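Now for the letters of each chain:
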Amino acid sequence: MALLTPSAARRRHTFVPLVVREVMRLTEESVAITFALPDDEAVAAPFLAFRPGQHLTLRADLRGEEVRQSYSLCLTPTQARARHAVRVGVMQVPGGRMSTWLNDEVSVGDVIDVLPPLGSFTEPVDPTAARHHVFVAAGSGITPVLSLLGTVLEQEPLSRATLLFGNRSTGQIMFLEEL
C-alpha cells in the first residue's frame, strides 16, 4: 500500500493595513496611490519581493459593504525597495465603487487593507540576454507594463524594448510624464 503525501500547504495571504503616502492625480479620471511599507521587515518583505506585472488587492468598507479590487503594481522592484513603498495606478470606472472612492476620497494618511502581491502576468529577466521586448497596452493597461518595461530596461542592458500604447485622447494618458 502506497502512502500519499499531501501536497505542500498553500500559504494563505492575509491583508496588511498600509498607510497612503501619496495620491498623485494623473488625469481627470485616474490617480497613482503610493503605500508606505511598515518598518517591520517581516511584514514589508512580501511586498518588496513582487515580480513585475503582479497586482495588489485592496479591501475597504464602503457604505457598510466590504469591497475588494485588484490594481497592478506600477513601480519596478528596484524602485519599490529604494522608496520602501509600493504604488498602484487606478482609473476611475463609471459605477466602480472602489475606483471612485480611491479617485475622489482617499488622501495621504488614510489606511487601506492590502494583500501582498499576487498574479502570474510576469516575465523573468535575464541580465545576460540581448532580446527585443514588445509591449502592447491601452488605457489603464499601462500599469503592469510600467513595471515590466522598467524592469527590463533596468536589468537587461543588452536588450531593447518597444511600447505600443493606445488611448482615447492625450488627456487620458496615465503616467504621461514617466513615459
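All figures in this text were calculated on a predicted structure; none of them were measured in a lab.

Student: Outline the sheet that holds strand E5 (residues 85–91), supporting the account with residue identities and numerical values.
Tutor: Ordered by their spatial adjacency, six strands build an open sheet running E4-E3-E6-E1-E2-E5, and the pairing between neighbours is antiparallel. Edge positions in the sheet fall to strand E4 (65–72) and E5, since each of these pairs with one other strand and no more. For this sheet, the mean inter-axis angle between neighbouring strands, taken without regard to orientation, is 40°. Pairing geometry for strand E3 (residues 55–62) and strand E6 (residues 111–114), over two bridges, is antiparallel. Looking at E6, one finds that Leu 58 is bridged to Val 114. Its contacts with the sheet put helix H1 (residues 41–48) on strand E1 (16–27), E3, E5 and E6, and the angle it makes with E1 is roughly 40°.

Student: Explain the packing of aromatic side chains to me, and be specific about the residues and the numbers.
Tutor: What the rule picks out here adds up to zero aromatic pairs. Residue placement shows Arg 59 over the ring face of Phe 15; its charged tip is 4.0 Å from the ring centre.

Student: Give me helix H3 (residues 97–104): which residues, what numbers.
Tutor: Looking only at H3, the buried set comprises Met 98, Ser 99, Trp 101, Leu 102 and Asn 103. Where H3 is buried, its residues meet E1, strand E2 (30–36), E3, E4, E5 and E6.

Student: Any chance you could break down the pattern of salt bridges for me, citing the residues and the numbers?
Tutor: Inspection of the entire model under this criterion finds six salt bridges. Taking the shortest distance from any N to any O, the salt bridge between Arg 87 and Glu 178 comes out at 2.8 Å. Of this pair, Arg 87 sits in strand E5 while Glu 178 sits in the segment after strand E8 (160–166), placing them 91 residues apart in sequence. Measuring nitrogen to oxygen at the nearest pair gives 3.8 Å for the salt bridge that ties Glu 123 to Arg 131. Classification of Glu 123 as partly exposed rests on a relative accessible area of 42%.

Student: Which residues make up the nonpolar core, and what are the values?
Tutor: Counting residues in each nonpolar core, the largest one holds 29 residues, and the members touching the most others are Phe 35, Leu 58, Leu 102 and Ile 112. Taken together, the elements giving at least two residues each to this core come down to E1, E2, H1, E3, E4, E5, H3 and E6. Considering every element that reaches this core, the biggest residue donor is E3, with four residues. Beyond its immediate chain neighbours, meaning those up to four positions away, Phe 35 contacts Leu 18, Val 19, Val 20, Arg 21, Leu 58, His 84, Ala 85, Val 86, Val 88, Ile 112 and Val 114. Counting residues in hydrophobic clusters, the runner-up holds 14 residues, among them Leu 26, Cys 74, Leu 148 and Val 152.

Student: Explain a nonpolar patch on the surface to me, using residue names and the numbers behind them.
Tutor: On the surface, Val 134, Val 136 and Leu 164 cluster together into a nonpolar patch covering about 290 Å² of accessible area. Relative to the helices and strands, Val 136 resides in strand E7 (residues 132–138). Assessed through its relative accessible area of 62%, Val 136 is described here as exposed.

Student: So what about the environment of Leu 164? Which residues, and what values?
Tutor: Residue position: Leu 164 is located in strand E8. Distance from Leu 164 to Val 136, taken between C-alpha atoms, is 4.8 Å for residues 28 residues apart in sequence. Look past the residues within four positions of Leu 164 in its chain and what remains in contact with it is Phe 135, Val 136 and Ala 137.

Student: Account for the environment of Glu 123, with residues named and values stated.
Tutor: When you line up the elements, Glu 123 lands in the loop between E6 and E7. In the structure, Glu 123 is positioned 25 residues away from Leu 148 in sequence and 7.3 Å away in space, judged by C-alpha atoms. Setting aside anything within four residues of it in sequence, one finds Glu 123 in contact with Pro 52, Arg 131 and Leu 148.

Rules used in this analysis
Going along each chain's sequence as written, the residues are numbered from 1 onward. Where totals are concerned, whole chains, interfaces and linings use all residues; where local detail is concerned, this predicted model gives features only for residues with pLDDT of at least 70, and gives and counts side-chain atom pairs only at 80 or more. Side-chain metrics in this entry use all non-hydrogen atoms of the structure; hydrogen atoms and water are not considered. A pair of strands is treated as paired once DSSP finds two or more bridges between them. Helix numbers and strand numbers start at the N terminus; a helix is a DSSP run of H or I with at least 4 residues, a strand a run of E with at least 2. Axis definition: a line fit to C-alpha positions, over the contact stretch in the case of helices; interaxial angles, taken between N-to-C directions, run 0 to 180 degrees. Note on contacts: a residue pair qualifies if any of its non-hydrogen atoms lie within 4.5 Å across the two residues. Stacked, tilted and edge-to-face pairs are distinguished by plane angle, under 30 degrees for stacked and over 60 for edge-to-face with tilted covering the rest, among Phe, Tyr and Trp rings (Trp via its six-membered ring) whose centres lie within 6.5 Å. Consider the ring centre and the ring normal. A charge sits over the ring if Lys NZ or Arg CZ is within 6 Å of that centre and within 35 degrees of that normal. Categorising residues by exposure relies on relative accessible area from a 1.4 Å probe, with only protein chains included: less than 20% of the type maximum marks a residue as buried, more than 50% marks it as exposed, and the intermediate range marks it as partly exposed. Think of a salt bridge as a Lys or Arg side-chain nitrogen and an Asp or Glu carboxyl oxygen that are within 4 Å of each other. Throughout this description, the term nonpolar core refers to a set of buried Ala, Val, Leu, Ile, Met, Phe, Trp, Tyr and Cys residues connected via side-chain atoms within 4.5 Å. To count toward a patch, a residue needs a relative accessible area above 30% and no salt bridge. Like charges then connect within 9 Å, nonpolar side chains (Val, Leu, Ile, Met, Phe, Trp, Tyr) within 5 Å. Accessibility throughout is a Shrake-Rupley quantity obtained with a 1.4 Å probe, and a residue counts as covered only by protein chains that appear here.

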